[in-house]
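A closer look at the structure
So the chains spell out like this:
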Amino acid sequence: MDAAHIDDDLVNVLFTEAQIQEKLGELAARIEQDYEGEDLLIVGILRGAVMVMADMARALTRHVEMDWMAVSSYGSGTKSSGVVRILKDLDTDISGRHVLIVDEIIDTGLTLSWLTSNLTSRNPASVEICTLLRKPEAQRMPVDVKYVGWDIPNEFVVGYGLDYRERYRNLRDIGTLAPHVYS
């Protein structure tokens, strides 16, 4: 879906599909360099990270294993509740593995802080985080993020996997959702 199809729902487009693909290519190149010669497992956080995970994996020029987790701290609202629930756990044993968590956005940091702690308790060789977007102004819990595409303002954004009530995930761009849509 193009932004032109939902123009009245967006305040503005922050990043176009082309900009996103370029940024994911840059992140993939850094990841390949940092994990050269290592067995890397990338763990996508469902559902929002599907687009990021798929496109970043395709940008990698090496074999990579993928697994998925589903965690939630939002429900159907626009603000994090702070309570994290595992809806789908990993299928892979991560003991001794290098794990890279891939997410589409970090805002409060509560979910990723909890998830990093949870995965670290499973004895991996390492746990790092890659996110396309980060909202530094919204952060309530410090999270060490190794790979960040862009820092953005504390606004409600949709597109490229980011949703509001399960809508807008298939928008190719990332834009700021107009308040009239969710107020």
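Residues numbered from 1 in each chain as written. Predicted model: local features only at pLDDT ≥ 70, side-chain atom pairs only at ≥ 80, totals over all residues. Heavy atoms only, no water.

**A short note on the sheet that holds strand β1 (residues 10-15)**
In a beta sheet, neighbouring strands are held together by backbone hydrogen bonds and run either parallel or antiparallel to one another. Here we have 3 strands laid out as an open sheet, ordered β1-β9-β8, and antiparallel in their pairing. Single-partner strands in this sheet number two, and they are β1 and β8 (157-158). Examined bridge by bridge, β8 and strand β9 (residues 174-177) share 2 bridges and lie antiparallel to one another. Within β9, the position partnered with valine 158 by the bridge is glycine 175. (Pairing = 2+ DSSP bridges. Helix = DSSP H or I, 4+ residues; strand = E, 2+ residues; numbered from the N terminus.)

**With respect to the packing of helix α1 (residues 17-34) against helix α2 (residues 50-59)**
Closest axis-to-axis distance for the α1/α2 pair is 8 Å, and the angle between their directions is 60°. When the axis of α1 is compared with that of α2, the two are oblique. The way α1 lies across α2 gives a crossing that is right-handed. Taken together, the residues of α2 that come into contact with α1 (itself represented by Gln21, Leu24, Gly25, Ala28 and Ile31) are Val52, Asp55, Met56 and Ala59. (Axes fitted to C-alpha atoms, helices over the stretch in contact; angles between N-to-C directions. Parallel < 35°, antiparallel > 145°, perpendicular 65-115°, else oblique. Left-handed = near helix turned anticlockwise from the far one by under 90°. Contact = heavy atoms within 4.5 Å.)

**Thoughts on the packing of aromatic side chains**
The final tally for this structure, using the stated rule, is 4 aromatic pairs. Ring geometry for phenylalanine 156 versus tyrosine 182: centroids 5.5 Å apart, planes at 45°, classification tilted. Here the residue phenylalanine 156 occupies a position in the loop between β7 (147-151) and β8, and tyrosine 182 occupies one in helix α4 (residues 179-182), the gap between them amounting to 26 residues. The rings of Phe156, Tyr164 and Tyr182 are connected pair by pair, giving a single aromatic cluster. (Phe/Tyr/Trp six-rings, centres within 6.5 Å; stacked < 30°, edge-to-face > 60°.)

**Thoughts on the side chain of threonine 92**
Within the secondary structure, threonine 92 sits in the loop between β4 (85-88) and β5 (98-106). A polar contact is formed between the side chain of threonine 92 and the side chain of aspartate 67, at a distance of 2.7 Å. (Polar contact = N/O pair within 3.5 Å; in protein donor to acceptor, adjacent residues only side chain to side chain.)

**What to know about the environment of valine 148**
Looking at the secondary structure, you find valine 148 in strand β7. For the pair valine 148 and aspartate 2, spaced 146 residues apart in sequence, the C-alpha to C-alpha distance is 25 Å. The contact partners of valine 148, leaving out residues within four places of it in the chain, are Leu27, Thr131 and Arg134.

**Some remarks on the side chain of aspartate 103**
Assignment of secondary structure puts aspartate 103 in strand β5. Summary of buried charges: aspartate 103 has no salt-bridge partner, and the nearest side chain of opposite charge, arginine 169, is 8.5 Å away. If we ignore the near neighbours within four places in the chain, the residues touching aspartate 103 are Ile45, Ala49, Val52, Leu112, Cys130, Thr131 and Leu132. (Buried < 20%, exposed > 50% of the residue type's maximum accessible area, 1.4 Å probe, protein only. Lys, Arg positive; Asp, Glu negative; His and termini not counted. Salt bridge = Lys/Arg side-chain N within 4 Å of Asp/Glu carboxyl O.)

**A closer look at α1**
Between the first and last C-alpha of α1 there are 26 Å, a value that for 18 residues agrees with the 26 Å anticipated at 1.5 Å per step. Of all the residues in α1, the buried ones are Ile20, Lys23, Leu24, Leu27, Ala28, Ile31 and Glu32. (Expected span 1.5 Å × (residues − 1).)

**Description of the nonpolar core**
One finds Ile20, Leu24, Ile31, Leu100, Leu132, Leu133 and Ile174 to be the most contacted residues of the largest nonpolar core, which totals 27 residues. Among the elements of the structure, α1, β2 (40-46), α2, β5, β6 (126-134) and β7 are those that each provide at least two residues to this core. The element that contributes the greatest number of residues to this core is α1, accounting for 5 residues. Setting aside residues no more than four positions away along its own chain, isoleucine 31 makes contact with Leu40, Met56, Leu60, Leu100, Cys130 and Tyr147. Counting 19 residues, the second largest nonpolar core, distinct from the first, contains Ile45, Val71, Leu115 and Val127. (Core = buried A, V, L, I, M, F, W, Y, C linked by side-chain atoms within 4.5 Å.)

**Some words on the pairing of β5**
In terms of burial, β5 is largely enclosed, as 9 of its 9 residues are buried. Pairing between β2 and β5: 5 bridges, direction parallel. For isoleucine 42, the partnering residue across the bridge sits in β5 and is leucine 100. Note that β5 and β6 share 8 bridges and pair parallel. If you follow isoleucine 101 over to β6, its bridge partner there is isoleucine 129. After leaving β5, the chain enters helix α3 (residues 110-120) and then returns to the sheet as β6, a path that is right-handed. (Right-handed = clockwise from strand over helix to strand, strands pointing away.)

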